[in-house]
Amino acid sequence: MRVKSKKRRVLLGIGLLAIVLAVGGWLFFRLHLSWLSLEDAMPVAIIYNEENATFTVDNAGMFDVIFHTKEPVVYFGNERIVMRDGIRIRNGRPYINMRDTWIIFSSDAIDAIAEMDTSAPVAVIVNGLYGQGTQAQNEMIYSLLGGELARDRFEIYFQWYNTIHELGHLITVYHGTDDSRHMVEEELLVNSFAVAFWTYFGEEEKLYALEEAVEYILSSITPPIENMHHLDFMREIVDGGRFGEAFTFETYGWFQFNIVREILRERDSLDLVQILTEMTGSETIQAQPRQILAYSALGTDMVPIIVGDAISILQDFGIGSLPDVYIAFAADPNDHMLQYPFLRRLLEPNISAGRVLPVLR
């Protein structure tokens, strides 16, 4: 009996060890491959290797093109790989796991894979959804934006104002004028554009609602630093390579909302023609008659319409042609960004599934 009991204990120990090793191996596998961020049904579409880095376009990761590397900084030729406005990683936020640092593509690097697709690249404006994130994300947004008024403030800022902000990024990137500007200057410019646009074409009550939303949000955010201007602070940490510190929601939000508040306070002095001239590098921008773009309700259905109306008006100003633009909706309410250039053929499954809406103009 004693022998059997001992044998059972040995077998039980071996079984438990096997389970621990299996679970541990599975967790290590998931961590090791977490950079792919793929759903099981969504295989990698393109993998492109360049020296010590691999970047991957996938259908499930909200259209990010990411670098996976064991090095803290990757050089593509002689160029340090960073985005024009800092490092963005999964879903628009920097992400460092226990093993690797991930750095998103440079404009030169994306050209290498764009050559693999003969269709013209498209632009994707990613728009986070209210109330569709995790419980923690939803609670954070609900609290930050003021409880019962949170949805209204979310819609006025992100689905009305910020979509034009992202369109501003597309204009500068498409015309190549963003290359000569620091990330902080680029954000100042596109925010000036968005405020100038809505001052010229928006409903006054929505501008007042935007001001109120920004003031409330800033009153809810603890500044990451005291006695330092938000522009100086962001320049310092970006120039110092402290991207993990710069691009948290609280820090980056504090930076962006402060910019918008200051520009809103001076909106009557903004010159939309002058701003568009700087954004495009063109001297042929011409002012157009004012009109009011009135939207009785906001929400996801209105985002493509708002962007389409803006593009039509801005082409009358003389900004030239733009690529086809799509609106993608992300469950994470913090996801608001421009993705350009994006490969059209990778977008098709998302269009078919209703995850992406075209901007009609």
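Residues numbered from 1 in each chain as written. Predicted model: local features only at pLDDT ≥ 70, side-chain atom pairs only at ≥ 80, totals over all residues. Heavy atoms only, no water.

> I tried to follow the side chain of N127 on my own but got confused; where do I start?
Take N127: it is sitting in strand 7 (residues 122-128). Taking the relative accessible area as the measure of exposure, N127 reaches 1% and is therefore buried. Polar contacts involving the side chain of N127 include one to the main-chain carbonyl oxygen of F158, which spans 3.4 Å. Among residues more than four places away in sequence, those in contact with N127 are F158, Q159, T163, V303, I327, A328, F329, A330, D335 and H336. (Helix = DSSP H or I, 4+ residues; strand = E, 2+ residues; numbered from the N terminus. Buried < 20%, exposed > 50% of the residue type's maximum accessible area, 1.4 Å probe, protein only. Polar contact = N/O pair within 3.5 Å; in protein donor to acceptor, adjacent residues only side chain to side chain. Contact = heavy atoms within 4.5 Å.)

> Can you help me understand the packing of aromatic side chains in this one?
Each aromatic ring pair is summarised here by two numbers: the centre-to-centre distance and the angle between the ring planes. A full pass over the atoms with the stated rule returns 15 aromatic pairs. Taking 6.1 Å as the distance between ring centres and 65 degrees as the angle between the ring planes, the aromatic pair formed by Y174 and Y340 counts as edge-to-face. A residue pair is termed long-range when its members are at least 10 positions apart, and Y174 in helix 4 (residues 150-175) and Y340 in strand 9 (residues 336-342) qualify at 166 residues. Since its relative accessible area comes to 17%, Y340 is described here as buried. Through pairs of rings, three or more aromatic residues link up here, namely W160, F193, F197, W198, Y200, F201 and F317. One residue, R153, lies across the ring of Y216, its end atom 4.1 Å from the ring centre. (Phe/Tyr/Trp six-rings, centres within 6.5 Å; stacked < 30°, edge-to-face > 60°. Lys NZ or Arg CZ within 6 Å of the ring centre and 35° of its normal.)

> When you look at the sheet that holds strand 9 in this model, what are you seeing that I'm missing?
Picture the strands of a sheet paired through backbone hydrogen bonds; they go either parallel or antiparallel. Taken in spatial order, the 4 strands line up as 9-7-8-10 in an open sheet, and their pairing is mixed. In the strand order of this sheet, the two ends are held by strand 9 and strand 10 (356-358), each with one partner. The average angle at which neighbouring strand axes cross in this sheet is 25 degrees, direction not considered. Alignment of strand 7 against strand 9, held across 5 bridges, turns out to be antiparallel. Across the sheet, residue V124 finds its bridge partner in strand 9, namely Q339. Where helix 4 meets the sheet, its contacts fall on strand 7, strand 8 (325-330) and strand 9, and the angle it forms with strand 9 comes to roughly 30 degrees. Sheet strands in contact with helix 11 (residues 303-317) are strand 7, strand 8 and strand 10, and its direction is about 150 degrees off that of strand 8. (Pairing = 2+ DSSP bridges. Axes fitted to C-alpha atoms, helices over the stretch in contact; angles between N-to-C directions.)

> Is there a simple way to explain helix 5 (residues 183-201) in this structure?
An α-helical turn contains 3.6 residues, so a residue and the one three or four places further along point in the same direction. Taking 1.5 Å per residue, 19 residues should reach 27 Å; helix 5 reaches 27 Å between its end C-alpha atoms and fits that length. Among the 19 residues in helix 5, 16 count as buried, and that is most of the element. (Expected span 1.5 Å × (residues − 1).)

> For this particular structure, what's the right way to read the packing of helix 5 against helix 11?
For any two helices packed against each other, one specifies the crossing angle of their axes together with the interaxial distance. At a closest axis distance of 12 Å, the pairing of helix 5 and helix 11 adopts a crossing angle of 90 degrees. Taken together, the axes of helix 5 and helix 11 are roughly perpendicular relative to one another. Facing helix 5, whose interface residues are F193, F197, W198, Y200 and F201, helix 11 presents I306, A310, I313, L314 and F317. Class assignment of the residues belonging to the contact of helix 5 with helix 11 gives a composition of 10 nonpolar, no polar and no charged. (Parallel < 35°, antiparallel > 145°, perpendicular 65-115°, else oblique. Nonpolar A, V, L, I, M, F, W, Y, C, P; charged D, E, K, R; others polar.)

> What exactly am I supposed to notice about the pattern of salt bridges here?
Where charged atoms from two side chains of opposite charge approach closely, those side chains can pair. As enumerated under the stated definition, the model contains 9 salt bridges in all. For R261, the salt bridge goes to E215, with nearest N and O atoms at 3.2 Å. One end of the pair, R261, is in helix 9 (residues 249-265); the other, E215, is in helix 6 (residues 204-220), and 46 residues separate them in sequence. A single network of salt bridges, built from pairs that share partners, joins E185, D232 and R235. (Salt bridge = Lys/Arg side-chain N within 4 Å of Asp/Glu carboxyl O.)

> Got a minute to help me understand the environment of F158 in this structure?
Among the structural elements, F158 can be located in helix 4. With relative accessibility at 7%, the residue F158 sits in the buried group. If sequence neighbours within four positions are ignored, F158 has contacts with N127, T163, F257 and H336.

Worth remembering: the numbers are spatial, not functional.
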